[in-house]
Each structure stands twice: as C-alpha cells, then as structure tokens.
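# A closer look at the structure
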Amino acid sequence: MARPRNANRRRFVLVLVVLTSLTLITLDSRSGRTGPIGIVGRVAHAIVSPVQRATSSVASPIGDWWSGVTDSGNLKRENRKLRAQITELQNNQKEADVALAQDAELKRLLRLPLLPSARGITARVVDRDPGNFESTLTISRGQESGIEKDMAVVSSLGVVGHVIDSWHGGAKVRVLTDPESAIAVRTNSKHSVTGIAQGSLGSHEVTVSDFPAGAVVRTGDTVVTADLQNSVFPPDLVVGTVTSVQQKPAGLGSIVQIRPSVDFDAIQFVEVLRWVPGQGPVVVPTTTTTTTTTTPGATTTTTPGATTTTTPGATTSSGP
Amino acid sequence: MRLSRVATLLVVTVVLQVAVFPHIRLDGRVPDLGLVVAVAVAFDHGPEAGALFGFFAGVGFDLFLETPLGLSGLAYALTAYTVGVLQGGVLRTPKWFTPVIGALSGLMCGLIFVGVGLLAGVDAVHGNQAFVTIALTSAYNALLAPFVFLVVGAWLRDPNERIAGWGRR
C-alpha cells in the first residue's frame, strides 16, 4: 500500500501548495502591499538591505566587468560618440547658464515654485530590479531619512523615477522604463505638446502615444516633465530625447519613442526630492532666536534675531 | 535531508538572487536561481520536496518584487514538482543532462508565470517581450544548472537520515 499512500501524499502537497499560492496572489492583488503582507515585505527588505549594500560594492565591479565582456563591441563606438557630445555640451553650457538664470528670475517674479528650493535627499543605488518583469532600483536611504512613497527621484542628468516603497534603511524606485511607469511630459520646443510617457518591458526607451493629432514632434527634440497639477514630478525636469516619430494610421496622432537622459543600468547616485504634488517644494521651517538681557527698571524693544541689553529703570516690550 | 540544511539553503538562495545576481545579468536578465535550486532538490529528493522548496523560495523572492506575492512560488513549485515526477516515474536522466533540465524548467516556469500573471492582471507580462525574457532567462538557468545541481546535491546529501515522508530513491 506504500505506492498509493505516496501518490496521495504527493497530491496533497501539490494541492496545498497551489491553493496557498493562489490565496496569496488573490490577497496581494486585492490589497496591494498593505497590511501584514506589506509589513513582512518591508521587514524582509530591512533585513536584506545591509547585505545588498555590502554586496553592491563587491558585485558592481564584477557586474561591470561582465557587461564589458558581453558588450565590448559597442564600448569603443559609444566612447567616441560620448567624447563628441561632451565637446558640444561644453560649448552650449554658457548659453544654458544664461537661460537658467532668466528662467529663475521670471519664476520668482511670477511666484512660481522653484525646483532648487526643493530639498533633496541624496542616496546611493545599491541594487537593481531583482526580477525580469520590472525596472526598479533600490537606494540606500529610506524612512529614517524622511523618504516616503511617491517622492520624485532625479539625478544630475534628469528624471529617474519615483519612490514606490520605503523601509528603514532603503527604498525602492520605479524608473521611467518600468512597464507600470507613466509620467506627464511635454516637448521643449516652440510648439510644445503634452502627453503621457510610458515604459515597456525589455525596452530602454519610453513611449508617448497620445500626443494630439497635428502635433509637431521631431527626432532630437528634448522632452521635459509637464506642469500638471498633482503630478509627482516638478515641471521642466529633463526626461530624455525623441529618437523616433511614427505616425498612426488615419492621422490619429503619432507614436513617439524617447530615450531617457539617464542610463538606469549605470547610475550610482540619485536625489529624492521633497516635492508635494500640487503644492511645490517642501520648505523646512527655520527658527530665529532672540537673546535679551534685562535688568530691573529698563525699557527695551526686542525684534526677532536681535540681542538686546536693557538698562535699569526701563520697561520691555517684544516684537513679533 | 536535514531541515536546518534546507532552511540554510533557502535563505542563501533568496539572498543571492536578490542581492548578487541583479549585478550579473545576461542581456539585462537575471536567472531564476530559486527555480534551479528547487528543481535540483526535486531531482534528488522527489517532487514533494521540490514543490515545497520551490514554493518557499518563490514566496521569499516575491517579497522583493512588484508582482503579486505567491506568483513565483506557484510557478517554481509546479515546475519543480513536474521535474520530480518525470525524473522518478517516467524519465531516468543522467546528471550531465542538467543544462537541458535547467532550460526546460525555465521555459515551463516562465510560461506559468506569464499565464497566471495575465489572469491576475499583471501589466508587466503583456507583450511579446515577455517571451524573449523567458527564453533568455531559460538560457541563463541552463548555464547555472550544472553548478547548482552539484552544490545542492553535496549540501543536502545525507544517506543516513530521512525526513518522514520525503524518502530517498
């Protein structure tokens, strides 16, 4: 009777495993990573984070070597292309500086929120997406640094993505090329148009398929974040460059491919912006201290931030 | 097969998959290390052992992914179970066949993952790129399989002990 008993036990184990898996999938799909499942996930991340940081410093050079071996054919070509781009960018730098200064001045006059006033939290990239069906980064700072879900993440080259989860010691960032990523963008040209840029599996580019019919979009146009209310991202951050424009049939618009300005495979440091959708940068309140030395009978008028010495015989009053 | 050794293997597998292999990619893809280890367990210790190990390894991996919790667990468990059944009941495969087992397991696991993922409403598995990802991941699994089978076989081999119900063949 051993063989039927073995077969029954095997079926029992299989059914148990399948039912448990389906239950977990259902619970997670309905509630997301909230409740007990979310807590377990954050605890797991918090436990593994030190290992990720430790292995990152060792594994990154190995990974770079491996990438060099598998991609060596393209490296020299890319190197020459990048050197030419650097020369061109250096020449354009002065014009850009003038434009930026004018832009900041205009925004101050119009009392629009300035990006430089949004305080950022710098973090190191310690891990990349562990799965094959997502594009995420794990960074070295999390809740202990004030990083919360939906905060925008940028680098010196442009938009990286936004925070989708954070725990003590780390956070996960969904980058632009993730299939679940969608960001409002506009073309930075004379006839600017707005659309939604979406990532897709296995692609290093994002796609905009809802530019209006008749929109003038050209290869090489720079694309920046759009100024929409409640957008996660501050406006006018560089997203990337248009690489191809394909017209839809019957003149229904165009499908535009955009190469992000950030290389998500090579990025080392990011900045998490304290930017509140719809309100602008989070301003950290400053405090002023007032020091007053009073002796009996003296008259003193105190203003914030000042140090006052009072002589005897006077009365004291304090300003706001 | 001692439980402490199984537990250690499980933890090491998940940590390696989450912390090390994201840095060592093949055309941007990471291997299904948990799957290959589960298949190795099933190969040596039977379908139940493989299914249970695959389930826990998959769920452990799912904690670090954005796809639904349990999806990898289901895919790993079913694949390891199938390999265990075929290995014991139908096919007697030599050890040198492990790369083929690794590749075929990867294909089966990937198809289960994508199929159940589509039913669960996972947007990331839509499109033809998912099948390219499955193929490349299977190739990576095939490269790892011989080494993994060797390590798992050595780590879990204990001819003097058996866990009740997980008999050695």
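This text goes with the structure placed above it.
So, here is what we can say about the structure in this document. Quick caveat: nothing in here was measured; it's all calculated off a predicted structure.

Our next topic: the overall build of chain B. Broken down by element type, chain B carries six helices and zero strands. The linear arrangement of helices and strands in chain B, starting from the amino end, is α-α-α-α-α-α. Looking at chain B residue by residue over its 169 residues, the buried ones come to 58%. Sequence separation of 24 or more characterises 73% of the internal contacts of chain B that already satisfy a separation of 6 or more.

On to the pattern of salt bridges. Applying the stated rule across the entire model yields ten salt bridges over all chains. E48 of chain B is paired through a salt bridge with R9 of chain A; the nearest N and O atoms lie 3.0 Å apart. Taken together, the residues E48 of chain B in helix α3 (residues 47-62) and R9 of chain A in helix α1 (residues 2-31) connect one chain to another. For E134 of chain A, the salt bridge identified is with K172 of chain A, shortest N-O distance 3.9 Å. Taken together, the residues span a long stretch of sequence, with E134 of chain A in the loop between β1 (120-128) and β2 (136-139) and K172 of chain A in strand β5 (residues 170-175) at a distance of 38 residues. Each member of the pair, E134 of chain A as well as K172 of chain A, is classed as buried. Put simply, R9 and R10 of chain A together with E48 of chain B are held in one network by salt bridges that share partners.

All names here are of chain A. Taken together, six strands build a closed barrel; the order of strands is β6-β7-β8-β11-β10-β9 and the barrel is antiparallel. Geometrically, the sheet is characterised by an average inter-axis angle of 40 degrees between neighbouring strands, direction not taken into account. Here strand β7 (residues 194-198) runs beside strand β8 (residues 206-211); their pairing, made up of two bridges, is antiparallel. Across the sheet, A197 pairs through a bridge with V208, a residue of β8.

As a further point, take the environment of D265 of chain A. Residues and elements named next belong to chain A. Looking at the secondary structure, you find D265 in the loop between β11 (254-260) and β12 (269-273). Note on D265: relative accessible area 52%, which makes it exposed. Taking the C-alpha atoms as reference points, D265 and V242, separated by 23 residues in sequence, lie 20 Å from one another. Leaving out residues up to four positions away in the same chain, D265 has contacts with R128 and H204.

A separate point is the sheet that holds β2 of chain A. Residue and element names in this part refer to chain A. Taken together, six strands build a closed barrel; the order of strands is β1-β2-β5-β4-β3-β12 and the barrel is antiparallel. Adjacent strand axes in the sheet meet at a mean angle of 45 degrees, parallel and antiparallel pairs treated alike. Here β1 pairs with β12 via five bridges, running antiparallel. The partner of R124 across the bridge, within β12, is F269.

If you check the backbone angles, D236 of chain A has positive phi at about 65 degrees while not being a glycine. You can see D236 of chain A is positioned in the loop between β9 (222-225) and β10 (238-247). Despite not being glycine, D27 of chain B has its phi angle at roughly 50 degrees, a positive value. With respect to the helices, strands and loops of the structure, D27 of chain B is situated in the loop between α1 (3-20) and α2 (33-45). By relative accessible area, D27 of chain B is classed as exposed at 57%.

Parameters at a glance
Residues numbered from 1 in each chain as written. Chains lettered and ligands numbered in written order. Predicted model: local features only at pLDDT ≥ 70, side-chain atom pairs only at ≥ 80, totals over all residues. Heavy atoms only, no water. Helix = DSSP H or I, 4+ residues; strand = E, 2+ residues; numbered from the N terminus. Buried < 20%, exposed > 50% of the residue type's maximum accessible area, 1.4 Å probe, protein only. Contact = heavy atoms within 4.5 Å. Salt bridge = Lys/Arg side-chain N within 4 Å of Asp/Glu carboxyl O. Pairing = 2+ DSSP bridges. Axes fitted to C-alpha atoms, helices over the stretch in contact; angles between N-to-C directions.

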